[in-house]
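Reading the structure
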Amino acid sequence: MKVLIVEDEPLLREGLIRKIDWKTLGLTLAGEAGDGFEAMSLLVSCQPDIVLTDVRMPGMDGLQFINQARAISPNTKFVIISGFNEFEYVREALLNHVKDYLLKPIDKEKLRALLAGLVEELRAERQQEADLSKLNALDEMIRQSHLQPLDFQLTHLITEQDAHWDGLPVELLHCCSFVGISVRIVYRNETSRFKENEEPLARFAVQNSIENALAALPVEILAFKHAYHSEEIVIFLASPNRVLEPESIVETLMQTVGWIRQHLGLIVSIGVGGVKEQLTLLRLSCLEARKALQNRLLFGGGNVYTDTVNQSHAATVFPLLHQAERGLPALLEDGQHREFLAFASELFHTLAESPDARYEHVEYLYTEIIHVLRKHAAKTAFELPNWNLGTPIASLESFTDWRQIISVIEQQLERLSNVLGGGAERSCDDIIDSVQQYVQQHYDEDLSLQWVSDKYFIHPNYFSKRFKQIVGISYNDYVTRVRIERSKELLKTTTLKIARISQLVGYEDQGYFCSVFKKVTGVSPSAYRI
């Protein structure tokens, strides 16, 4: 850091220079000036970080110099040098935001401590400025990474069958060969360089890396963010002169996937669709790319998958389905849940080791196992939570490895074991009795039929029907009756406000409580209290 010394007495100036421990403090002498005018000239040419200036000088004194210098160099730190009889100068200097002052004769240790403090302050300011610059750059990158209208327009092209392709850039419209590419990013993993709130930046970095790599090929590129899937990037490739060569595209993408993993810490999987010779078929190529990408469930992330697969199911999956149909139900009937899980795991492991296996085979096998579990659970009048129709297959979209399927099956088996092991001897009538007791004590809680189903692993429709047969009224009417009876007690025995009583018996909306109360009792809560 550079220091400018302004002192009209040459001997005093020289003495001040000798008192400074330049090397230890990391300072250099930027220049010397004998008055304010000379100092102004040096200020522009040498741009010092720190200025030590005398107060009394001919022509332009220290304060006049500082006032003018601040307009030119606002970040420079100014220190006043004064005598004991110049306090008014010092006070005015401090009012003008001078950093500090030194009294003549100057003490070497005080000078060192003062300069050391200024050096540390300057370093902190520069670090803050650098951090702010990085933050501004980061904000700009994030801004660029957010969805743009073009992202929605292009997403519409690949998701809607009646989309019009005439809105694409001219370069693509004049091409004769097209390929769709789908990119999936796993943001959360042990090696990721990005924080949890930096997903837009990570997506921008991945897209930029892939675009730069593909730019080396003789192709036109249009990359965009999928408007409905934050972890997906879609790329259109096109060639104006010749048919695209998938081999060179795949090789480039494989190298890029490795580079992204090494330098960004992100796991990226890519699906490449088939080459099409018509622009209107580019949507089909994108669908093929997404379908090919689904194979990462079997073979793992961080790879490039193509659509060149054998579509035959029989040789690979049918024998496994036959084994599942024959072996799994018997294991459930005998209560051998561990053996069931081991058998299911073995079937998926066999599928994963088959070179002809594909994602659709996983769907077939997964669906069959779900069917077996549901069929067995139905015999007990219980249901497996979170396994509503359509949910299992849809959940495959969020999986990245087939072993996650085994974990889900294991969770459902544990729930089934809890139902059959801890409560098999309990009939629905026992559950009804338990629910009634609970409602009597916890009438202010959520007591919906879904709560009953989740707590007792019983189908809500079955429970509701049986409850009315045993108790004589519906379950919801029973809960309402308990709550109203308790509210009547509170109205007669306390001075609590009706709004508070409403909350105490499980109704957050006072208006709704009053409506229910009057429907059950024939009068309003206020009238009942009188």
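Our subject in this report is the structure included herewith. This structure is a prediction, so every number in the text was calculated from the model and none was measured. (Residues numbered from 1 in each chain as written. Predicted model: local features only at pLDDT ≥ 70, side-chain atom pairs only at ≥ 80, totals over all residues. Heavy atoms only, no water.)

1. As for the overall build of the chain
In plain terms, the rule: Comment: elements are numbered from the N terminus, with helices defined as DSSP H or I runs of at least four residues and strands as E runs of at least two. Categorising residues by exposure relies on relative accessible area from a 1.4 Å probe, with only protein chains included: less than 20% of the type maximum marks a residue as buried, more than 50% marks it as exposed, and the intermediate range marks it as partly exposed. Should any heavy atoms of two residues lie within 4.5 Å, those residues are considered in contact. Using a 1.4 Å probe, accessible areas were evaluated by the Shrake-Rupley method; residue-level cover was limited to the displayed protein chains.
Looking only at helices and strands, the chain features 24 helices and ten strands. Buried positions account for 44% of the 530 residues belonging to the chain. Long-range contacts, defined here as pairs at least 24 residues apart, represent 70% of the contacts in the chain between residues at least 6 apart. With an accessible surface of roughly 28000 Å², the chain has 51% of that area assigned to carbon and sulfur atoms.

2. Describing the packing of aromatic side chains
Applicable threshold: Working definition: a ring pair exists when centres of Phe, Tyr or Trp rings (six-membered ring for Trp) sit within 6.5 Å. Plane angles under 30 degrees give stacked, over 60 give edge-to-face, the rest tilted.
According to the stated counting rule, one finds eleven aromatic pairs in the structure shown. With 5.0 Å between their ring centres and 35 degrees between their planes, Y438 and W451 make a pair best called tilted. Residue Y438 is located in helix α18 (residues 428-441), and its partner W451 is located in helix α19 (residues 449-456); the two are separated by 13 residues in the primary sequence. Exposure remark for W451: the relative accessible area of 16% places this residue in the buried category. Between F467 and Y478 the ring centres are 5.6 Å apart and the planes differ by 65 degrees, which places this aromatic pair in the edge-to-face class. A residue pair is termed long-range when its members are at least 10 positions apart, and F467 in helix α20 (residues 460-471) and Y478 in helix α21 (residues 475-493) qualify at eleven residues. Look at Y478 and you get buried, because its relative accessible area is 9%.

3. Notes on a nonpolar patch on the surface
The condition that has to hold: Like charges are joined within 9 Å and nonpolar side chains (Val, Leu, Ile, Met, Phe, Trp, Tyr) within 5 Å, but only among residues with over 30% relative accessible area and no salt bridge; these make up the patches. Every case where a carboxyl oxygen of Asp or Glu lies within 4 Å of a side-chain nitrogen of Lys or Arg is listed as a salt bridge.
Taken together, the side chains of L281, L284 and L287 define a hydrophobic patch exposed on the protein surface, amounting to about 220 Å² of accessible area. The residue L284 is located in helix α11 (residues 282-293) in this model. Classification of L284 by relative accessible area gives partly exposed; the value is 39%.

4. Details of helix α9 (residues 199-214)
Stated formally: By this rule the span expected of a helix is its residue count minus one, scaled by 1.5 Å.
The first and last C-alpha atoms of α9 sit 23 Å apart over 16 residues, in line with the 22 Å expected at 1.5 Å per residue. Within α9, burial applies to L201, A202, R203, F204, A205, V206, Q207, S209, I210 and L214.

5. Side note on the pairing of strand β7 (residues 220-225)
To keep things clear, this is the line we draw: Strand pairing requires that DSSP identify at least two bridges connecting the strands.
Pairing of β7 with strand β8 (residues 232-239), which is carried by six bridges, proceeds in the antiparallel orientation. If you follow I221 over to β8, its bridge partner there is L237. Between β7 and β8, which pair antiparallel and follow one another directly, the connecting turn spans six residues.

6. Quick look at the packing of α19 against α20
Formally: Axis lines are fitted to C-alpha atoms, over the contacting stretch for helices. Their N-to-C directions set the angle, which ranges from 0 to 180 degrees. Angles are sorted into four bins: roughly parallel if under 35 degrees, roughly antiparallel if over 145, roughly perpendicular if 65 to 115, and oblique for all others. Any residue that is not Ala, Val, Leu, Ile, Met, Phe, Trp, Tyr, Cys, Pro, Asp, Glu, Lys or Arg is counted as polar, Gly included; the first ten are nonpolar and the last four charged.
Put simply, α19 and α20 touch, their axes get as near as 9 Å, and they point 110 degrees apart. Viewed along their axes, α19 and α20 adopt a mutual orientation that is roughly perpendicular. Within the contact between the two elements, α19 uses L449, V452 and S453 and α20 uses P460, F463 and S464. Among the residues making up the contact of α19 with α20, the classes are represented as four nonpolar, two polar and no charged.

7. Focus on the packing of α18 against α21
To be explicit about the condition: When the near helix sits turned anticlockwise from the far one by under a right angle, the crossing is termed left-handed; a clockwise turn instead gives a right-handed crossing.
For the pair α18 and α21, interaxial distance at closest approach is 9 Å and the crossing angle is 30 degrees. Regarding the angle of α18 to α21, the classification is roughly parallel. The two elements α18 and α21 meet at a crossing, and its hand is right-handed. Across the interface between the two elements, V435, Q436, V439 and Q440 from α18 touch Y475, Y478, V479 and V482 from α21. Residue composition of the contact of α18 with α21, by class: six nonpolar, two polar and no charged.

8. Re the nonpolar core
Put simply, the rule is: What makes a nonpolar core is a set of buried Ala, Val, Leu, Ile, Met, Phe, Trp, Tyr and Cys residues whose side-chain atoms join them at distances within 4.5 Å.
Ranked by internal contacts, the top residues of the largest apolar core, which has 36 residues, are F340, F348, I369, I405 and I409. Of all the elements, helix α15 (residues 359-378) adds the most residues to this core, at nine residues. When near neighbours in sequence (up to four residues on either side) are disregarded, F340 contacts L328, L331, L332, I369, V372, L373, I409 and L413. Among the nonpolar cores identified, the runner-up in size contains 30 residues, and V183, F194, I233 and L253 belong to it.

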